[in-house]
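Single-letter residue listing:
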Amino acid sequence: MKFMKLGSRPDTFHTADGVRCVSSEISCDLIVQVRGTRYLLHKFPLLSKCMHLQRLCADSPDSKSPHQIVQLPDFPGGVDAFELCAKFCYGISITLSAYNIVVARCAAEFLQMTEDVEKGNLIYKLEVFFNSCILNGWKDTLVTLQTTKNFQSWAEDLGITSRCIDAIASKVSVKPPNPDLSRSYSRRGRDDASCSGAESHRHQKAANKNWWAEDIAELEIGLYWRAMIAIKSRGKMPASLIGNALKIYASTWLLNISNGGAGSQALLNNNGEANGDRSSRHRLLLESIVSLLPAEKGSATCSFLCKLLKAANILNASSSSRMELARRIGYQLEEATVSDLLIPPPANVKELRYDVDIVMLILEHFMTQGQSPSTSPVKIRAGFDRRQRSRSAENINFELQESRRSSSASHSSKLKVARLVDGYLQEIAQDVKLPLAKLVTIAESVPEFARLEHDGLYRAIDMYLKAHPELNKSERKRLCRVLDCKKLSMEACMHAAQNERLPLRVVVQVLFYEQARATVNGAQVTDIPSNIKALLASQKKQDPSRPTPPLSSTTSVRADDQLSLSGLKTPNSHLSTLRMKLAEDVDDTNNAPKTNGTEKFSKQKSFNSAPTRPKGGMFSKLWSVNRSTSDKN
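If you're wondering where the values come from, they're calculated on a predicted model, not measured in any experiment.

Draft legend 1. Summary view of the sheet that holds strand S6 (residues 68-71). With mixed pairing, the five strands of this open sheet are ordered in space as S2-S3-S5-S4-S6. On the outer flanks of this sheet lie strand S2 (13-16) and S6, each paired with one strand and no other. Averaged over all pairs of adjacent strands, the angle between strand axes in this sheet comes to 25°, irrespective of strand direction. Where strand S4 (residues 30-34) and strand S5 (residues 37-41) come together, five bridges link them in antiparallel fashion. Counterpart to Ile 31 in the pairing with S5 is Leu 40.

If you want it as structure tokens, here you go:
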């Protein structure tokens, strides 16, 4: 820390009878009143250096009084700043540093202690010290910048704030020769002493790159925003380091808000609405951080962006900030986890447990980013240069390779997002207030090719049916329409076959595909679910002449929420009953009132989602029934 000493005389200021005065053989002839404090001083040392005092004394009506009184009610810095300037006028020793140079400079400017009054005056000495020492030191510059918040207008007019910000940006843009001068680097160095050698080396390497981030995180948001704008404008800082610095700043000032901890509860009143000034400050801080995010994809981690979005909902941030965060999250959604997407709703919305609408918007951004432009040739206007119309074979091959590479990356990311969406659906399906339409919309937002298996989707559907027992038959069919029984594992099929919450048509489809799988693998099934048993029993009453083999008495107890269930036995004589029930169910669907063409198309698509046609035997019969009922649709 740099400092400067001015003057050589000892301090002779003292307080007597509530008045500050200076010890001297010469009687005092000037009374200066600063914010309720009276100073009994001498005109000559003060007026010889302060132009403002000269004018006040000259304009005073009692200029010839033995004790002329001068009022300074709005003196910047108050009593301490005035006494500092007064001691300089008397030649008393004073010490200046980064902690008091701003207040001294503002006070000297107020008193007009310029070179026009006397050579080597206080303003000149302060400017020399500020430019040559303060701005050359990292710590000194930061401390000086932080002290400007108490004198914002004065510091702005004098250029102190802007010069400090420019100095910080210039130091950050180049690798410092001695990064240990940074306070955050020193703290990390002490913390790394207890780490292993490799881990300590990794921390030190990261500190060398982002050594400045924790230090400037101590600035209030107005100064921090200006400093980051100056750093970004120089164009020498990688976007990843900018994003990491913003993450450090957000974790410093928005602690526990995005996680819904005590910090977020303190910002909300009993009605769940944001509280007063503190919430306004946090809202401004968050919106400023969002505006500072670099445009480059991946400059900020998806987890950090999701935390900002959670905080934005809690703080009721502007819709533009939330939409911007949703857009950025959508572009790197494959990096997210299920917990990242469990975003609380805005403080004024309490219908749902989570903000499902914003996740739907995130998925929309993710799906649209992979769409490539049309590859069809573009018509070229007549008379255009032929050299610009033609492209070489090398360029065409290169573009094809690049498009294939990008499509491959998009395919792998969609596979990850499909698993993410299924996990997210399992979480939100437990919300009893979640509308069916929103769950179906999110489930259908994933392309069919991206879901290699439907076990996760089936779990979500089962959870939703369990949490919403009031759903009618058509609503349950609409929900199960997104499920592809061919993509269920053996355990999921066994669970679905004995799941009484599913529509019977879905159970029949599961049995059909499982029977086909068992036949191909040469396996046999040992149990029949209770709903199918009831179906067969009713069929036997209707047609007593039809022999029905006895059912197995070894049916295991069904566990609704587990997938480790035994199989079921479906003899050939039962397949006709299942076939008839499937046809009846489709007839019921056809006789139901049709709302629109889209719904009809979905029903047909769901019913026709059967495996490839078997070559013969009992599966040929089932296939023929399926084809005939499909033709009816």
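Draft legend 2. How the structure looks around the side chain of Gln 426. With respect to the secondary-structure elements, Gln 426 resides in helix H21 (residues 393-428). Of the residues examined, Gln 426 reaches a relative accessible area of 19% and is grouped as buried. Residues contacting Gln 426, with those up to four places away along its chain left out, are Gly 456, Arg 459, Ala 460 and Met 463.

Draft legend 3. Layout of helix H12 (residues 221-233). Taking 1.5 Å of rise per residue, 13 residues should cover 18 Å, and H12 covers 18 Å from first to last C-alpha, within 8% of that figure. Within the span of H12, buried status applies to Ile 221, Leu 223, Tyr 224, Ala 227, Met 228, Ala 230 and Ile 231. For H12, the N-terminal capping position is held by Glu 220, with its side-chain oxygen 2.9 Å away from the main-chain nitrogen of Gly 222. Positive phi appears at Gly 235, one or two residues downstream of H12, with a value of about 70°.

Draft legend 4. Inspection of unusual backbone geometry at higher detail. Of note, Gln 112 is a non-glycine position whose phi angle comes to about 60°, a positive value. In this structure, Gln 112 sits in the loop between helix H4 (101-111) and helix H5 (122-134). One non-glycine residue, Asn 316, adopts positive backbone phi at about 55°. Here Asn 316 lies in the loop between helix H16 (302-314) and helix H17 (319-331).

Draft legend 5. The packing of aromatic side chains, seen in detail. Counted according to the given criterion, the structure contains nine aromatic pairs. Pairing Phe 512 with Tyr 513 gives two aromatic rings, centres 5.6 Å apart and planes at 75°, and the pair type is edge-to-face. Residue classification places Phe 512 among the buried positions, given a relative accessible area of 13%. Among the aromatic residues, those joined into a cluster by ring pairs are Tyr 39, Phe 75, Phe 82, Phe 110 and Trp 154.

Draft legend 6. Expanded view of the environment of Arg 481. Mapping Arg 481 onto the fold places it in the loop between helix H24 (473-480) and helix H25 (490-497). Residue classification places Arg 481 among the buried residues on the basis of a relative accessible area of 18%. Sequence spacing of Arg 481 and Val 440 is 41 residues, and the spatial spacing of their C-alpha atoms is 9.0 Å.

Draft legend 7. Highlighting helix H23 (residues 455-467). A rise of 1.5 Å per residue sets the reference length of H23, with its 13 residues, at 18 Å; its end C-alpha atoms lie 18 Å apart and thus fit the reference within 8%. Every buried residue of H23 is listed here: Asp 455, Gly 456, Leu 457, Tyr 458, Ala 460, Ile 461, Asp 462, Tyr 464 and Leu 465.

Draft legend 8. Highlighting the nonpolar core. Counting residues in hydrophobic clusters, the biggest one holds 158 residues, and the most contacted among them are Leu 72, Met 113, Trp 212, Ile 216, Tyr 224, Met 228 and Leu 333. No other element matches H4, which puts nine residues into this core. The residues touching Leu 333, leaving out its near neighbours within four places in the chain, are Cys 302, Leu 341, Ile 362, Leu 363, Phe 366, Val 417 and Leu 420.

Draft legend 9. Structural view of the confidence of the model for the chain. Summary statistics for the chain give a mean pLDDT of 77 and a share of 67% for residues scoring 70 or more. Of the regions scoring below 50 in pLDDT, residues 261-273 engages in 27 contacts with residues more than four places distant in sequence or in other chains. Counted against residues more than four places away or in other chains, residues 589-633, with its pLDDT under 50, gives 61 contacts.

Cut-offs used in this document
Residues numbered from 1 in each chain as written. Predicted model: local features only at pLDDT ≥ 70, side-chain atom pairs only at ≥ 80, totals over all residues. Heavy atoms only, no water. Pairing = 2+ DSSP bridges. Helix = DSSP H or I, 4+ residues; strand = E, 2+ residues; numbered from the N terminus. Axes fitted to C-alpha atoms, helices over the stretch in contact; angles between N-to-C directions. Buried < 20%, exposed > 50% of the residue type's maximum accessible area, 1.4 Å probe, protein only. Contact = heavy atoms within 4.5 Å. Expected span 1.5 Å × (residues − 1). Polar contact = N/O pair within 3.5 Å; in protein donor to acceptor, adjacent residues only side chain to side chain. Phe/Tyr/Trp six-rings, centres within 6.5 Å; stacked < 30°, edge-to-face > 60°. Core = buried A, V, L, I, M, F, W, Y, C linked by side-chain atoms within 4.5 Å. pLDDT = per-residue confidence, 0-100.

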